[in-house]
Amino acid sequence: MQLSQRLMGINGGGSDGWDVFLKARRMIAAGTPVTELTIGEHDIRTAAPILQEMHSKALAGNTGYAAIPGSEPLRETVAARVQARTGVPTKPGNVLITPGGQSALFSAHIAACDAGDTALYIDPYYATYPGTLRAAGAVPQVITTRASDAFQPRASDIAAHSAGARSLLINSPNNPTGVVYSRATLEGIAEVCCRDDLWLISDEVYDTQVWEGSHISPRSLPGMAGRTLVVGSLSKSHAMTGSRCGWLVGPEEAISNLINLATNTTYGVPGFIQDAGLYALTRGTEFEEEIAAPFRRRRALAQQVLAGQNTVALVPAQGAMYLMLDIRATGLSGEEFAYSLLDAHHIAVMPGESFGRSAAGHIRVAMTVADDAFEVSLKKLCAHAEALAV
Ligand code: PMP
């Protein structure tokens, strides 16, 4: 039987960028130890008290169908959190609880775009973005950025594609670059969105991982609350990737209509997961800082290691659990470098090309192994680059 073009077209016909990762996984399955600096997942698992809450709420009977937009206490807590962090008045009616940020990204594009509408997104990008846009029926249009601008998008580059488009997807703090968009960048983006009547879909799942400066939610900029859909998640902030608990925050009309989408697709998030999510959020910012601390520490470690050489350059970045390294001095592409590092030293990193064209000649390093192993791997990576560069 023929499958739909929408399904078959999700990956856009090209590689999905996971080839190096998959090769590393095959090596591990065949018994070769590999240090994996690939995926964005904490080396520390979900904290035991959160799991205990999940367990006890499930045992107490919260295992039936749950409220589809999310439980009222969780929606209230997310609304209060967003309001406290951004200053934008936010009510439970502005919040839809979703199975992770990924589902919120999809929902946001369904809200913003009709089939065939142009949806803009920024390169380098989180690997699922173009597929998510296509799955929602939109036509993705990429906006490139420059390594020389530290991958901060230019409003003029967005404006070159924005006429007739319906939405713009941004992500700050950014995966894969770690870059936190400046106020000037966000103001430029907001101006284009207002002028060309675009929905802004702002993926802020790394908002608790900011190492320098501060994160600004563009929903807080003048004129933006009515046209911004913010994607949030407990995956990164609370080390709850497998629990699939996130949210979309936006205008009440968008959220109330998106409840129809949830009713006819996911049917919501399990009640005991929402209870655990609520408990996790009530543990406060100190707990969030504890979850972020290993990445803060490893970033400082990386800065020290990289200071001792001249071949690998660290992209100036302020947040998230990744480092973007410029390896162009080796003469290799990011992909060639990643394969050669994997073969020579059994260290797996993501080629910059996995995240679009703008990050060609770069690699993304996830800071997701213990400090000592991380430091050893980075030193080997630098030595490998230096050997290639001579
Ligand atoms: N956005 C970005 C930028 C991400 O890196 C990820 C996960 N790696 C997600 C969204 C989705 O996260 P989740 O669905 O686990 O909340």
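Residues numbered from 1 in each chain as written. Predicted model: local features only at pLDDT ≥ 70, side-chain atom pairs only at ≥ 80, totals over all residues. Heavy atoms only, no water.

## A few points about the overall build of the chain
Then step 1. Looking only at helices and strands, the chain features 14 helices and 13 strands.
Then step 2. Whereas a compact globule of 390 residues would reach a radius of gyration of roughly 21 Å, the chain reaches 21 Å, a difference of no more than 12%.
Then step 3. Structurally, the chain occupies a C-alpha span of about 60 × 55 × 50 Å along its principal axes.
Then step 4. The burial tally for the chain puts 55% of its 390 residues in the buried class.
Then step 5. Between the mean site of the 30 positive side-chain charges and the mean site of the 37 negative ones, the chain shows a separation of 1 Å. (Helix = DSSP H or I, 4+ residues; strand = E, 2+ residues; numbered from the N terminus. Rg over C-alpha atoms; globule rule 2.2 N^0.38 Å. Buried < 20%, exposed > 50% of the residue type's maximum accessible area, 1.4 Å probe, protein only. Lys, Arg positive; Asp, Glu negative; His and termini not counted. Charge placed at Lys NZ, Arg CZ, Asp CG, Glu CD.)

## Some remarks on the sheet that holds strand β10 (residues 322-326)
Then step 1. Taken together, four strands build an open sheet; the order of strands is β9-β10-β13-β12 and the sheet is antiparallel. Strands at the two margins of the open sheet, each flanked by one partner only, are β9 (313-314) and β12 (350-351).
Then step 2. Across two bridges, β12 lies against strand β13 (residues 362-366) in antiparallel orientation. Along β13, the bridge assignment pairs proline 351 with isoleucine 363. (Pairing = 2+ DSSP bridges.)

## Some thoughts on the pairing of β13
Then step 1. Most of β13 is tucked away: five of the five residues are buried.
Then step 2. Alternating positions in β13 separate into two faces, His362, Arg364 and Ala366 on one and Ile363 and Val365 on the other, with burial throughout.
Then step 3. Alignment of β10 against β13, held across five bridges, turns out to be antiparallel. Among the inter-strand pairings, leucine 325 is bridged to a residue of β13, identified as isoleucine 363.

## Structural notes on the nonpolar core
Then step 1. Membership of the largest hydrophobic core comes to 59 residues, with the highest contact counts inside it found for Leu325, Val349, Val365, Phe374 and Leu381.
Then step 2. The biggest single contributor to this core is helix α12 (residues 284-307), with six residues.
Then step 3. Structurally, this core is a two-domain feature, drawing no fewer than three residues from each of domain 1 (5-45 + 286-389) and domain 2 (64-283).
Then step 4. Those residues in contact with leucine 381 that sit more than four places away from it in its chain are Val312, Leu325, Phe337, Leu341, Val349, Ile363 and Val365. (Core = buried A, V, L, I, M, F, W, Y, C linked by side-chain atoms within 4.5 Å. Domains from an automatic or database assignment. Contact = heavy atoms within 4.5 Å.)

## A closer look at the environment of histidine 109
Then step 1. Within the secondary structure layout, histidine 109 lies in helix α5 (residues 100-112).
Then step 2. Each C-alpha atom of the pair histidine 109 and serine 233 lies 17 Å from the other, and the pair is 124 residues apart in sequence.
Then step 3. Each residue touching histidine 109, except ones within four places of it in the same chain, is listed here: Ala119, Leu133, Ala136, Ser167, Leu169 and Ile201.

## Concerning the side chain of glutamate 204
Then step 1. On the secondary structure map, glutamate 204 appears in the loop between β6 (199-203) and β7 (228-233).
Then step 2. Buried and unpaired, glutamate 204 has no salt bridge, with arginine 85 as the nearest side chain of opposite charge at 7.2 Å.
Then step 3. Here the side chain of glutamate 204 touches serine 217 through a polar contact of 2.9 Å, side chain to side chain. (Salt bridge = Lys/Arg side-chain N within 4 Å of Asp/Glu carboxyl O. Polar contact = N/O pair within 3.5 Å; in protein donor to acceptor, adjacent residues only side chain to side chain.)

## Some details on the domain arrangement of the chain
Then step 1. Entries for the chain in the domain assignment read domain 1 (5-45 + 286-389) and domain 2 (64-283).
Then step 2. Centre-to-centre, using C-alpha coordinates, domain 1 lies 25 Å away from domain 2.
Then step 3. Together domain 1 and domain 2 conceal approximately 3,200 Å² of surface at their shared face, both sides included; 55% is due to carbon and sulfur atoms.
Then step 4. Where domain 1 packs against domain 2, one counts three salt bridges.
Then step 5. One salt bridge in this structure joins glutamate 212 and arginine 299, with 2.6 Å as the shortest N-O distance. (Buried area = accessible area lost by both parts, 1.4 Å probe.)

## Some points on the packing of helix α3 (residues 48-59) against helix α11 (residues 271-282)
Then step 1. Interhelical geometry of α3 versus α11 gives an angle of 140° and a closest axis separation of 8 Å. In this structure, the crossing between α3 and α11 has a hand that is right-handed. Residues Pro49, Ile50, Glu53, Met54, Lys57 and Ala58 of α3 form the contact with α11, whose participating residues are Phe272, Ile273, Asp275, Ala276, Tyr279 and Ala280.
Then step 2. A per-class count over the contact of α3 with α11 returns nine nonpolar, no polar and three charged. (Axes fitted to C-alpha atoms, helices over the stretch in contact; angles between N-to-C directions. Left-handed = near helix turned anticlockwise from the far one by under 90°. Nonpolar A, V, L, I, M, F, W, Y, C, P; charged D, E, K, R; others polar.)

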